[in-house]
Structures are given as structure tokens and as C-alpha cells.
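# Topology and contacts: notes
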Amino acid sequence: MNPRSAAWPAAALTLNALVWGLSWWPFRELHAVGLHPLWATALIYALATAALGAWRRDVWREVAAHRALWVLVVASGTTNAAFNWAVTIGDVVRVVLLFYLMPLWAVLLARWLLGEPLHRGALARVALALAGAATVLWPDGGGWPLPRTLSDALGLLGGFTFALNNVMLRREAARSESARAAAMFAGGVLVAGGVALLLTWAGRVGAPPPPAPGWVAGAALLGALFLVANLALQYGAARLPAQATAVIMLTEVLFASASAIALGAGTLGWRIVVGGALIVAAAALAARARPAVP
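In short, a report on the structure.

Basis of the calculations
- Residues numbered from 1 in each chain as written.
- Predicted model: local features only at pLDDT ≥ 70, side-chain atom pairs only at ≥ 80, totals over all residues.
- Heavy atoms only, no water.
- Salt bridge = Lys/Arg side-chain N within 4 Å of Asp/Glu carboxyl O.
- Helix = DSSP H or I, 4+ residues; strand = E, 2+ residues; numbered from the N terminus.
- Buried < 20%, exposed > 50% of the residue type's maximum accessible area, 1.4 Å probe, protein only.
- Phe/Tyr/Trp six-rings, centres within 6.5 Å; stacked < 30°, edge-to-face > 60°.
- 1 Å grid on protein atoms, 1.4 Å probe; cavity = no way out; pocket = protein on both sides within 12 Å on 5 of 7 lines; lining within 4 Å.
- Points joined across faces, edges and corners; volume = space filled by probe spheres on them.
- Nonpolar A, V, L, I, M, F, W, Y, C, P; charged D, E, K, R; others polar.
- Polar contact = N/O pair within 3.5 Å; in protein donor to acceptor, adjacent residues only side chain to side chain.
- Contact = heavy atoms within 4.5 Å.

### Structural notes on the pattern of salt bridges
Scanning all chains against the criterion turns up one salt bridge. The shortest N-O distance in the salt bridge between Asp-152 and Arg-94 comes to 2.8 Å. Separated by 58 residues along the polypeptide, Asp-152 in helix H9 (residues 150-171) and Arg-94 in helix H6 (residues 92-99) bring together distant segments of the chain. Residue Arg-94 is classed as partly exposed on the basis of its relative accessible area of 22%.

Here it is, written out as C-alpha cells:
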């Protein structure tokens, strides 16, 4: 791709990363007034879905007609529910690093779903990324480096489904931008809302608080930002290779880590620093590698 023609898609992906990287703060503020991140996610995407539906009333016919877009519904919805919940309750830096094993999943999913060739150094980069994840997850008292908290598990799940989301955007580039956006927004409502309903019924999550001007206005503003950010994501991801998309989105690590550390919502122990460096290095190498000969 011509570098000049790639500039706008790259800028769009960076904007999306900025919004996601700073989103932990408003979600924590909403949680502090009693709105669980699952309910917040469902509400935010309900607003975005309604806005898009009012603008393009025929878009749902296109979504219903293409089953591949249903995969995008599930992938996007799971990504949003998992990530927003994780950064609300966990160490933001740790969650974001586990989430950004996403380039590893993107390489494998792009091979399976897009037929993109694996590079010669792919296995080495997989090993590097897994070593980084093991370093981040390794418990101080010893034992296996497995997710031991809900936020860890949600971060890993969100990263996998975000990789699937980006690869599906690339695969379904022939679909209209509004249809892809509608599938993503509907996923945020259906997945987050469905899980929230189940957990509320089970007594694990509280019901939303009574409407109040402060939190309703905040949720509406966040919904508008997510609308812009997700339109930017599907614009950029549909125009760049899946691996390039994955690496550009790594700027979220910078945005999230810097803001979380500045506001006391994240830590930088040696395991986080070393493991994070390995994860980021693996992602950067994935972008620089030359395609292998099939």
C-alpha cells in the first residue's frame, strides 16, 4: 500500500486506540455511582446503535443477510464487554498488556480466515509473546503462569476476540461501512446486555441505578466517543493488513499505561516491565517481518 494512502487508515486506528486507552477512567467513574461496566457498555452501545439506525434505517437488512457479520456481532460484543469490565476492576496496565497478546491471535486468525501466509519467524514471535504473557502472569509465590483473577481472564478473552474482530473487518471489507459498524454496535448491546441480565438475575451484578443527570450525561458522551472510535476502527482495519492493524493499535498500551500510572490505577513492577517488553516486541516484529513464500 502507498504510504500516503495508508496515512488516514493509520490515523483512524490511532484515534481508536486513544479512546480505548483512556476509557478505563470514565468506566470507573460510572462504576463508582453504581453502574456496572456491563450495564454501562450495553447502554453506551444502545445509544450508538440507535444513532446509526436512525441515520441508515436499511442497514439491518444487510447485517441479517450476511452471516459473517453475525460473527462480527459476537466478536465485537465480547471484546467490549470483557475489556471494559477488566479495566474497571483490575490493574489497568496488566489488563492492557494481556489484552495486547492480540497480535499473536491476529497472525493465527489471519492465516485461517484470510489465507495470509505465515512468516518464517512466526513461531519465534509466538514464543516471544507467550514468554511475555508467562512473565506477566507468573505468581510471586510460584506455580503455573495462568490467569488467577477475573480481570486477567477477561483481558485475555478480550484480546482474542478483538483480533477476531479486526480480521473479520478485513475479510468483510466488501460489506458497507455502516453494516460493519452496525454489527459491532449491536454486539456491544447484545453481548454485554445479555451477560448483565444473567448476572443481575443471579444476584452477582447490581441493577442500574435510577437515572441521574450526571451519570446519564457521562454515559451519553462516552457513547458518542465510542461511536466515533469504532467507525474509525472499521475504516482503518478494512484498509490495512490485519498484522499492521494489530501493531498500530499497540499505541493503546502507551495511552492506557501512562494515564493509569499517572492516576494511580496501574503499577510497573519488574514482571510487568519485562513481560510487557516481550509482548510489545513480538507485536512489533510481526509488523516488520516479510511474508513467507507459501
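After presenting the structure, the write-up continues.
### Some points on the packing of aromatic side chains
For the structure shown, the criterion picks out 10 aromatic pairs. Plain terms: the ring middles of Trp-20 and Phe-83 are 5.1 Å apart, the flat faces sit at 40° to each other, and that makes the pair tilted. Of this pair, Trp-20 sits in helix H1 (residues 3-22) while Phe-83 sits in helix H5 (residues 67-89), and the two are 63 residues apart along the sequence. Trp-20 gets classed as buried once you look at its relative accessible area, which sits at 2%.

### Some remarks on empty space enclosed by the protein
Counting across every chain of the model gives two cavities of 30 Å³ or more. The volume enclosed by the second largest cavity comes to roughly 40 Å³. Forming the walls of the second largest cavity are Trp-20, Ser-76, Thr-79, Asn-80, Phe-162, Asn-165, Met-184, Asn-230 and Leu-233. Mapped onto the lining of the second largest cavity, the elements with two or more residues apiece are H5, H9 and helix H11 (213-237). Here the residues of the lining of the second largest cavity are counted per class, giving four nonpolar, five polar and no charged.

### What to know about the side chain of Thr-49
Turning to its location among the elements, Thr-49 is positioned in helix H3 (residues 37-55). The class of Thr-49 is buried, set by a relative accessible area of 16%. There is a polar contact of 2.6 Å between the side chain of Thr-49 and the backbone oxygen of Tyr-45. Here Thr-49 is in contact with Trp-60, Phe-185, Ala-186 and Val-189, once residues within four sequence places are set aside.

### Observations regarding the environment of Ala-129
By the element assignment, Ala-129 lies in helix H8 (residues 122-137). Counting along the chain gives 118 residues from Ala-129 to Val-247, while the straight-line C-alpha distance between them is 13 Å. Beyond its immediate chain neighbours, meaning those up to four positions away, Ala-129 contacts Leu-101, Leu-104, Ile-279 and Ala-282.

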